[in-house]
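Observations on the three-dimensional arrangement
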Amino acid sequence: MNSAIYAPGLEGIIAGETAISTVEGGLRYRGYAIGELAEKTCYEEVAYLLLYGELPSSTELVEFRQRLDEARQLPSALLNLLRHVPPNTPYMDVLRTAVSALAHFDPDYRTWPKELASPAATERCIQLGRRIAERLLAQLATTVPAYHRLCRGLEPLPPRPGLSHAAQFLYQLSGELPDELSQRAFDVSLILYAEHEFNASTFTARVITSTLSDMYSAVVGAIGALKGPLHGGANEYVMPLLQAIGQPENVERYLREMLARKERVMGFGHRVYKTGDLRAGILGSWARRLAEARGQLLWEQIADRVEQYLAQTKHLHPNLDWPAGRLYYYLGLDVPLYTPIFAMARVAGWCAHILEQWQANRLIRPRARYIGPAPRPVLPLSERG
Ligand SMILES: CC(C)(COP(=O)(O)OP(=O)(O)OC[C@H]1O[C@@H](n2cnc3c(N)ncnc32)[C@H](O)[C@@H]1OP(=O)(O)O)[C@@H](O)C(=O)NCCC(=O)NCCS
């Protein structure tokens, strides 16, 4: 044990094997470069690729979309629950509760094999798990707009079959069909958020799965991990920062003061990408296109200057949350939606990892380096002062 490798935060440690994605030499999902996927596919194709291992044929895509459409409607009991959540409950907390509650209404979850370690039971888990994954994909994307509308005193809108996943979400928020640019920009953001190897939330899902627990429990845990500002929560800080800076000429002074206070600039830095995140460049160009179309270029000018300053002074580069926070703002989306959107995209990656963990499971149980008191006797209560 003494010779075991220890790295705080597991930095640089290989904690498992995966065939789902790699960040080595640029992010790839199942061998496909992220740039090419963002250019040539839609989110549903990517979700299918993650869950089934291959890109869908056109027939498979049509059937997959049909299954998503059939699963979108939320159980009325869940809608009632959403209506009774105390006002101002954070969206990610509600999403976590909703996923946990959805398990009770899932017909496949109720037929879950009791004995889990045999190959036949694993096969059954994979079969049921894929169906549950599709349901989660559809229902997370309905829960978020439903809760948002309820928060604003509006009734949730029923899903409208036949729309793309991206258009469906935007439609269910506003009741209006998005224009092509908005739909595509949002779709690309979902593709880029869909999967990212052993990030904190995915690793959480795998740890839970490794005990042979169920998919809902693993996704609930993943949502809890994603909520933190060092992970998915970062995209919600982007626009408030740009708004607080206000004008391009304020950037240097504002950031100098922030860094002097040892504050972190959310949307910058990455545990793995130390010279830049490919995804930030891809989504950054969509954010700029939207900003141009919406007459919001002031925020892009401030963002450019923030990027330059942090690269020069701290060698810090933007991660995906930096353009995502701006892009969602240009789409007219309210800030509390941003991390839930990350969750509804990443659920495809989480579920793919849960399925993969089942397929070659080994309980994830690392060791800790003990730094507590040396061995000592327990004093009787009367002698402890
Ligand atoms: C993502 C993150 C947690 C990765 O951190 P990490 O690999 O553990 O890097 P560290 O926390 O060790 O930081 C290394 C140095 O860079 C600094 N740094 C890293 N990210 C920073 C940021 N966003 N703003 C300011 N300084 C930052 C740290 O203060 C530290 O400086 P120091 O050595 O002078 O103390 C970190 O970059 C961060 O907090 N980013 C902001 C949150 C964010 O955008 N999260 C989304 C990630 S996809």
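Residues numbered from 1 in each chain as written. Predicted model: local features only at pLDDT ≥ 70, side-chain atom pairs only at ≥ 80, totals over all residues. Heavy atoms only, no water.

Some thoughts on the overall build of the chain
Counting its regular elements, the chain contains 17 helices and three strands. The C-alpha radius of gyration computed for the chain amounts to 22 Å, which stays within 12% of the reference 21 Å derived for 385 residues, consistent with globular compactness. Dimensions along the principal axes, computed over C-alpha positions, put the chain at roughly 70 × 55 × 45 Å. Expressed as a percentage of the 385 residues in the chain, the buried residues total 50%. Within the chain, counting contacts between residues at least 6 apart in sequence, those at least 24 apart form 74% of the total. (Helix = DSSP H or I, 4+ residues; strand = E, 2+ residues; numbered from the N terminus. Rg over C-alpha atoms; globule rule 2.2 N^0.38 Å. Buried < 20%, exposed > 50% of the residue type's maximum accessible area, 1.4 Å probe, protein only. Contact = heavy atoms within 4.5 Å.)

Details of the sheet that holds strand S1 (residues 21-22)
To summarise the sheet geometry, strands pair through backbone hydrogen bonds and adopt either a parallel or an antiparallel arrangement. Pairing in this open sheet of three strands is antiparallel, and the strands run S1-S2-S3 from one edge to the other. Strands at the two margins of the open sheet, each flanked by one partner only, are S1 and strand S3 (32-33). For strand S2 (residues 28-29) and S3, the ladder comprises two bridges, and the chain directions are antiparallel. Residue pairing across strands places Arg-28 opposite Ala-33, the latter belonging to S3. (Pairing = 2+ DSSP bridges.)

Looking at the site of the ligand
The local shell around the ligand holds 18 residues, among which Arg-264, Val-265, Gly-267, Phe-268 and Lys-274 are the closest. Between the ligand and Gly-267, the relevant distance is 2.8 Å, taken from an oxygen atom to a main-chain nitrogen or oxygen of the residue. Lys-274 is positioned such that a nitrogen or oxygen atom in its side chain is 2.8 Å from an oxygen atom of the ligand. For the ligand, whose unbound accessible area comes to 840 Å², protein coverage reaches 67%. Counted by class, the shell around the ligand contains eight nonpolar, five polar and five charged residues. Structurally, the shell around the ligand is a two-domain feature, drawing no fewer than three residues from each of domain 1 (33-233 + 340-359) and domain 2 (234-330). (Near = heavy atom within 4 Å. Polar contact = N/O pair within 3.5 Å; in protein donor to acceptor, adjacent residues only side chain to side chain. Areas by Shrake-Rupley, 256 points an atom, 1.4 Å probe, with all protein chains shown as cover. Nonpolar A, V, L, I, M, F, W, Y, C, P; charged D, E, K, R; others polar. Domains from an automatic or database assignment.)

Some thoughts on the pattern of salt bridges
Applying the stated criterion to the full structure yields 21 salt bridges. Of the charged contacts in the structure, one is a salt bridge between Arg-184 and Asp-187, with a shortest N-O distance of 2.7 Å. Taken together, the positions of Arg-184 and Asp-187, both in helix H9 (residues 180-193) and three residues apart, correspond to about one turn of that helix. Notably, a salt bridge pairs Arg-288 with Asp-304, separated by 2.8 Å at the nearest N-O pair. Here the residue Arg-288 occupies a position in helix H14 (residues 278-294), and Asp-304 occupies one in helix H15 (residues 297-314), the gap between them amounting to 16 residues. With a relative accessible area of 29%, Arg-288 lands in the partly exposed category. Salt bridges here are not isolated pairs; linked through shared partners, they connect Asp-106, Asp-108, Arg-131 and Arg-135. (Salt bridge = Lys/Arg side-chain N within 4 Å of Asp/Glu carboxyl O.)

Details of the packing of H9 against H14
Relative orientation of the contacting elements H9 and H14 amounts to 160°, with a least axis distance of 10 Å. With respect to each other, H9 and H14 are oriented roughly antiparallel. As H9 runs across H14, the sense of the crossing is left-handed. In this structure, H9 uses Leu-181, Ser-182, Arg-184, Ala-185, Val-188, Ser-189 and Leu-192 to contact H14, whose residues at the interface are Arg-279, Ile-282, Leu-283, Trp-286, Arg-289, Leu-290, Ala-293 and Arg-294. Taken together, the residues that form the contact of H9 with H14 break down as nine nonpolar, two polar and four charged. (Axes fitted to C-alpha atoms, helices over the stretch in contact; angles between N-to-C directions. Parallel < 35°, antiparallel > 145°, perpendicular 65-115°, else oblique. Left-handed = near helix turned anticlockwise from the far one by under 90°.)

Looking at the nonpolar core
Of all hydrophobic cores here, the largest spans 113 residues; its most connected members are Leu-136, Phe-186, Met-215, Val-219, Val-306, Tyr-328 and Leu-333. Formed jointly, this core draws a minimum of three residues from each of two domains, domain 1 (33-233 + 340-359) and domain 2 (234-330). (Core = buried A, V, L, I, M, F, W, Y, C linked by side-chain atoms within 4.5 Å.)

With respect to unusual backbone geometry
With the exception of glycine, the majority of residues adopt a negative phi angle, and the majority of peptide bonds are in the trans configuration. Phi is positive for Leu-10, which is not a glycine, with a value near 55°. Relative to the helices and strands, Leu-10 resides in the segment before S1. For Leu-10, a relative accessible area of 44% puts it in the partly exposed group. You will see that Arg-30, though not glycine, has its phi angle at about 45°, which is positive. Assignment of secondary structure puts Arg-30 in the loop between S2 and S3.

Things to note about helix H13 (residues 251-260)
If you check which residues of H13 are buried, you get Val-251, Leu-255, Met-258 and Leu-259. All buried residues of H13 lie within an arc of 95° about the axis, which places them on one face of the element. Downstream of H13 by one or two residues, Lys-262 has phi in the positive range, about 65°. (Arc of directions from axis to C-beta.)

Brief notes about the environment of Tyr-52
Position of Tyr-52 relative to the elements: it lies in helix H2 (residues 43-52). Overall, the relative accessible area of 28% leaves Tyr-52 in the partly exposed class. Counting along the chain gives 267 residues from Tyr-52 to Asn-319, while the straight-line C-alpha distance between them is 28 Å. In contact with Tyr-52, not counting residues within four places along its chain, are Phe-64, Arg-67, Arg-130 and Glu-134.

Thoughts on the domain arrangement of the chain
Looking at the chain, the domain boundaries give domain 1 (33-233 + 340-359) and domain 2 (234-330). Each of domain 1 and domain 2 has a C-alpha centre, and these two points are 27 Å apart. Together, the buried faces of domain 1 and domain 2 total about 1800 Å²; carbon and sulfur atoms form 66% of this surface. Where domain 1 packs against domain 2, one counts one salt bridge. Between Arg-294 and Asp-179 there is a salt bridge; the shortest N-O distance is 3.2 Å. (Buried area = accessible area lost by both parts, 1.4 Å probe.)

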